[in-house]
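So the chains spell out like this:
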Amino acid sequence: MSLEITGSQDYLEKHRALTVSFMRENGEEFTGYIGMDIDTYLNLSGMESDRTWGTGVEIMCLATLLKTVIFIYFYTVVGGSRQWIPYKPYFASSSTDGNAMSQVVFLSNMCAHYERVVRVKQSPCQKSGLGSTN
């Protein structure tokens, strides 16, 4: 996410710390989504440590912190389905001065790191007006 937000991976540790801090500060709100208290989750996940890969939990927390929708293009190994998964802000947050980001974030996860999506092709049905764009 550091690359997507700032254009550089140089801020990765700061973004991780900000995300973990936001999760701790709002632990009661996230407990229902995560299914356990936030301290237990953070201890089990190791999210405070470098080289720990963020999951959907952290992406949803970032969506909430940034007040924006984050879409992940996901490939499932079993069944081979590909789909966009939206992570919407879980609750209204006051952490970013009340303004929502004006852009949506698009990332892909194709069995590797999350990577920016820079171009999405339209399907032939969408180009002809036959497909839904929702």
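This text gives an overview of the structure that appears in the document. (Residues numbered from 1 in each chain as written. Predicted model: local features only at pLDDT ≥ 70, side-chain atom pairs only at ≥ 80, totals over all residues. Heavy atoms only, no water.)

**A word on the environment of isoleucine 70**
Right, so step 1: Note on placement: isoleucine 70 falls in strand β1 (residues 70-75).
Right, so step 2: Considered as a pair, isoleucine 70 and valine 105 are 35 residues apart in the sequence and their alpha carbons are 4.7 Å apart.
Right, so step 3: The residues touching isoleucine 70, leaving out its near neighbours within four places in the chain, are Met1, Ile59, Leu62, Ala63, Ile85, Pro86, Tyr87, Val105 and Leu107. (Helix = DSSP H or I, 4+ residues; strand = E, 2+ residues; numbered from the N terminus. Contact = heavy atoms within 4.5 Å.)

**Comments concerning the packing of helix α3 (residues 27-34) against helix α5 (residues 56-66)**
Right, so step 1: Following both chains from N to C, one finds α3 and α5 inclined at 140 degrees, their axes separated by 11 Å at the closest point. Relative to α5, the element α3 is oriented oblique. Between α3 and α5 lies a crossing whose hand is right-handed. Together, Phe30, Tyr33 and Ile34 of α3 and Gly56, Val57, Met60, Cys61 and Thr64 of α5 make up the contact between the two elements.
Right, so step 2: Of the residues in the contact of α3 with α5, the class split is six nonpolar, two polar and no charged. (Axes fitted to C-alpha atoms, helices over the stretch in contact; angles between N-to-C directions. Parallel < 35°, antiparallel > 145°, perpendicular 65-115°, else oblique. Left-handed = near helix turned anticlockwise from the far one by under 90°. Nonpolar A, V, L, I, M, F, W, Y, C, P; charged D, E, K, R; others polar.)

**Side note on the pairing of strand β3 (residues 105-109)**
Right, so step 1: The buried fraction of β3 is high, at four of five residues.
Right, so step 2: In the sheet, β3 pairs with strand β4 (residues 115-116) via two bridges, with the strands oriented antiparallel. Among the inter-strand pairings, leucine 107 is bridged to a residue of β4, identified as arginine 116. (Buried < 20%, exposed > 50% of the residue type's maximum accessible area, 1.4 Å probe, protein only. Pairing = 2+ DSSP bridges.)

**Considering the nonpolar core**
Right, so step 1: Core analysis: the largest hydrophobic core is formed by 22 residues, its most contacted members being Met23, Phe30, Leu42 and Ile70.
Right, so step 2: Counting only elements with at least two residues in this core, the list comes to α2 (12-25), α3, α4 (38-45), α5, β1 and β3.
Right, so step 3: With seven residues, α5 is the largest single contributor of residues to this core.
Right, so step 4: Setting aside residues up to four positions removed in sequence, phenylalanine 30 forms contacts with Phe22, Met23, Ile38, Met60, Cys61, Thr64, Tyr90 and Phe91. (Core = buried A, V, L, I, M, F, W, Y, C linked by side-chain atoms within 4.5 Å.)

**A look at α3**
Right, so step 1: For α3, the set of buried residues is Gly27, Phe30 and Ile34. Here the buried residues of α3 occupy an arc of 65 degrees about the axis, which is enough to place them on one side. Of the residues in α3, the exposed ones pointing more than 90 degrees away from the buried face are Glu28 and Gly32.
Right, so step 2: Residues of α3 that are buried make contact with α2, α4 and α5.
Right, so step 3: Phi turns positive, to about 90 degrees, at glycine 35, one or two residues after α3. (Arc of directions from axis to C-beta.)

**Examining the sheet that holds β3**
Right, so step 1: The strand order across the open sheet formed by four strands is β2-β1-β3-β4, and the pairing between neighbours is mixed. Either end of the sheet is taken by a strand with one partner, and the two such strands are β2 (82-87) and β4.
Right, so step 2: Of the strand pairs in this sheet, β1 and β3 are connected by five bridges, and their pairing is parallel. Bridge assignment links isoleucine 72 to a residue of β3, and that residue is leucine 107.

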